[in-house]
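Coordinate analysis (summary)
As a plain string of letters, each chain reads:
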Amino acid sequence: MNISNNNYLNIFDLPNEILFIIINKLNIVDVFYSLVDVNERFAQLILDRLYIQNFDITVMTMNSFYDRTFSVHEQVLSRIYENILPKIHDQIKKLAIEQHSIERILTFNYSQLYSLSLINFKEEILFQYLIDYSILRDLLTQQITHLNIDIQNEKISELSEISSNIFVLILSLCKRLIYLNFCQLFSYRNSSICIYELPKTRCTSSTLTELKINVATFNDCLYLLDGNFDYLSKLIINKKLPKLKCFSLTSINYIHDYDEHIIPLLCRMINLEELILFLSVIRIDSTFIGGIELYNQVLIHMSHLNKFIFSINTAVLIKNNKIDVPSNEDIQHSFIGKEYGQVGSYVHFEPRTSIDRFSFKRPKAVVKSHIYSLPYQFESFLHLNNSFQGGMFVKVRCLTMTDTRPFEHQLFKIISDDFPFLKELNICNGEPQKEKQHRSTLINFPHLNLLNLVEAHVDYAEQFLVDANTHLPCLLDLCIQYESLAMITNNSTNDATRLYCAKLKGLHIDKPFVRSKHFDEYFPLLL
């Protein structure tokens, strides 16, 4: 290696191996636009077949937590289209494009292409392309075995009927499809589709082996498990599901039919090797889900199971019967001797609770438990309350906190330490804080983008939006009640909350409102 006498290292002095590592850390669009013509050596590195075989022509710009764009600047796109793709199109195996570039990019013959990602499409535009654009239809029919679909959704909830029709159309077009990720590329979308009312003759595939999809109801889940995907190895259908090796079931909302539907379904998976459960379960005058029950009802039927990852919240509504509330030690003891590995848990008692909206009769009390395998593997952690036992949760990006007793400053300090990479925080607590005088320690959430306080007392707006209490350097979006916002900002005049409000790019209020005199000055970056 050549190093000059002044001890400054020139990038051209680095070996190819180091340069290739650096290039792989950069966005491929920036690399091709900025570096390909630097010199012949750079061109050879960048045009290496191992580098160009995965070609992602999207660049994500984060305007706010929910508002993100993926399009490439016209000048950059033109250069890639005119100067780069003619040289490499026949070597590309994986391609990612967005709706504004699809027609230009797909004009080339990608003879080795097997994986296609369609990113950030409006559903009506994507549907039209799937019907009318012959180049895309031919690719899907003749070549594509791996397909990723990402659809824009402003409602951030259930997609429309158009998306359901897109799903069906993809299944009919893709004659070689093995893997399909439908609207699950980005966790912030969290969009679901409804499919159980579709004709079963239209929703079928004889080649698909892996499907990743978020459905709206448990009926949709059962629909997928009703015999239309004979070769699915991660969601396979059969009378006893003997070919199923891996099964993952996630339900963000509380479900009532765990015992009636989910347990019988799991018992049919007799050759399962990997099981992932992320569930929130409602029971009435019953018991918690613990280690003994899981083993006797589910795992005993799975003799080949070698991997079990789970996070299960149970809420037992006490209406008529008196039940013995187990301690956390009892919960922990139920997992001993059953080869679960390390398990985290906690138990929480609430005399009165808002959870009674799930029932016609108000319960006398509710007892909650949360059991989860460790190390914790999920990006979401739900229903955390004041009985939380602590731990380290480095994979969690979204946290929901719910309780009928107030969350104090010290708990948020624990949360900031135990969830170091948190990006989204939802607080559901209508009780005022009782220990506001103890806010002496500055709490730091260095990666938090979205703070949801719609169902929170105004004290939590003070806890997080006053910069002397909490450090939020990356906050982009705030969800809050109008009354709380007006109170904590003193109608957009309070200097103590000005710092974070001035950085917000998204403000989501629970109802329409008239902007105060200083609103635009106080929130200068709102779109």
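Given the structure is predicted, the values throughout are model-derived calculations rather than measurements.

With respect to burial, helix α15 (residues 458–465) is a largely interior element, seven of its eight residues being buried. Considered for burial, the residues of α15 that qualify are Val458, Asp459, Tyr460, Ala461, Gln463, Phe464 and Leu465.

A word on helix α8 (residues 134–142). Considered for burial, the residues of α8 that qualify are Leu136, Leu139 and Leu140. The buried residues of α8 all sit within an arc of 95° when viewed along its axis, so they share a single face.

So, about empty space enclosed by the protein. Unfilled space is identified by rolling a water-sized probe across the atoms. One pass over the full model with this rule turns up one cavity of 30 Å³ or more. Of the volumes computed, that of the largest cavity is approximately 80 Å³. Lining the largest cavity, in full, are Tyr482, Leu485, Ala486, Thr489, Asn491, Ser492, Phe513, Val514, Arg515, Ser516, Phe519 and Phe523. For the lining of the largest cavity, the leading source of residues is helix α16 (residues 482–489), giving four residues. Per-class residue counts for the lining of the largest cavity are seven nonpolar, four polar and one charged.

Below, the discussion takes up the environment of Asn491. When you line up the elements, Asn491 lands in the loop between α16 and α17 (498–501). Under the relative-accessibility criterion, Asn491 is labelled partly exposed at 43%. In this structure, the C-alpha to C-alpha distance between Asn491 and Phe519, residues 28 residues apart in sequence, is 7.5 Å. Not counting residues within four places of it along the chain, the set of residues in contact with Asn491 comprises Ala486 and Ser516.

Attention shifts here to the side chain of Ser251. In this fold, Ser251 is placed in strand β9 (residues 246–255). For Ser251, a relative accessible area of 15% corresponds to the buried category. Here Asn253 takes part through its backbone oxygen, which lies 2.9 Å from a polar atom of the side chain of Ser251. Sequence-distant contacts of Ser251, that is, excluding residues within four places in its chain, are made with Phe278, Leu279 and Ser280.

Sheet strands associate in pairs through backbone hydrogen bonding, adopting either a parallel or an antiparallel arrangement. The strand order β14-β15-β16-β18-β20-β21 describes an open sheet built from six strands, whose pairing is parallel. The sheet is open, and its two edges are formed by β14 (380–384) and β21 (506–509), each paired on a single side. Taken pair by pair, the neighbouring strands of this sheet meet at an average axis angle of 5°, ignoring direction. As paired strands, strand β18 (residues 450–456) and strand β20 (residues 477–480) are joined by four bridges and run parallel to one another.

Turning to the packing of aromatic side chains, a few remarks are in order. What the rule picks out here adds up to 32 aromatic pairs. Between Phe407 and Tyr460, the ring centres sit 6.3 Å apart and the planes meet at 65°, which makes this aromatic pair edge-to-face. Here the residue Phe407 occupies a position in the loop between β15 (398–402) and α14 (409–418), and Tyr460 occupies one in helix α15, the gap between them amounting to 53 residues. With respect to burial, Phe407 and Tyr460 carry one shared label: buried. Each residue in the set Phe278, Tyr346, Tyr372, Tyr376, Phe378, Phe381, Phe388, Phe393 and Phe419 is aromatic and connected to the rest through ring pairs, giving one cluster.

Okay, the sheet that holds strand β7 (residues 179–182) next. The strand order β1-β4-β5-β6-β7-β8 describes an open sheet built from six strands, whose pairing is parallel. Strands with a single pairing partner mark the edges of an open sheet, and in this sheet they are β1 (54–56) and β8 (210–213). For this sheet, the mean angle separating the axes of adjacent strands, direction not counted, is 5°. Where β7 lies against β8, four bridges are found, and the strand directions are parallel. Its bridge partner being in β8, Tyr179 is matched across the sheet by Glu210. Sitting on the sheet, helix α9 (residues 161–173) is in contact with β6 (146–151), β7 and β8, with an inclination near 170° to β7.

Secondary-structure assignment places Asp477 in strand β20. Each C-alpha atom of the pair Asp477 and Ser64 lies 6.3 Å from the other, and the pair is 413 residues apart in sequence. With sequence-adjacent residues up to four places away left out, Asp477 is seen in contact with Ser64, Phe65, Tyr66, Asn449, Leu450, Leu451, Leu504, Gly506 and His508. Looking at Asp477, its side chain comes within polar contact range of the side chain of His508, at 2.8 Å.

Now for the side chain of Asp403. Here Asp403 is to be found in the loop between β15 and α14. Within the buried core, Asp403 has no salt-bridge partner, and the shortest N-O distance to an opposite charge, that of Arg405, equals 5.0 Å. In this structure the side chain of Asp403 is engaged in a polar contact, spanning 3.0 Å, whose partner is the side chain of His348. Side-chain polar atoms of Asp403 contact the backbone nitrogen of Arg405, separated by 3.2 Å. Contact partners of Asp403, with chain neighbours within four places excluded, come to His348, Glu350, Asn385, Asn386, Cys428 and Asn429.

With 89% of its residues at a pLDDT of 70 or more, the protein chain shows a mean pLDDT of 86. Low pLDDT (under 50) marks residues 1–5, which in the prediction has five contacts with non-local residues, meaning those over four places away or in another chain. Residue range residues 355–360 is modelled with pLDDT below 50. Its contacts to residues more than four positions away, or to other chains, number 12 contacts.

How each quantity is defined
Residues numbered from 1 in each chain as written. Predicted model: local features only at pLDDT ≥ 70, side-chain atom pairs only at ≥ 80, totals over all residues. Heavy atoms only, no water. Buried < 20%, exposed > 50% of the residue type's maximum accessible area, 1.4 Å probe, protein only. Helix = DSSP H or I, 4+ residues; strand = E, 2+ residues; numbered from the N terminus. Arc of directions from axis to C-beta. 1 Å grid on protein atoms, 1.4 Å probe; cavity = no way out; pocket = protein on both sides within 12 Å on 5 of 7 lines; lining within 4 Å. Points joined across faces, edges and corners; volume = space filled by probe spheres on them. Nonpolar A, V, L, I, M, F, W, Y, C, P; charged D, E, K, R; others polar. Contact = heavy atoms within 4.5 Å. Polar contact = N/O pair within 3.5 Å; in protein donor to acceptor, adjacent residues only side chain to side chain. Pairing = 2+ DSSP bridges. Axes fitted to C-alpha atoms, helices over the stretch in contact; angles between N-to-C directions. Phe/Tyr/Trp six-rings, centres within 6.5 Å; stacked < 30°, edge-to-face > 60°. Lys, Arg positive; Asp, Glu negative; His and termini not counted. Salt bridge = Lys/Arg side-chain N within 4 Å of Asp/Glu carboxyl O. pLDDT = per-residue confidence, 0-100.

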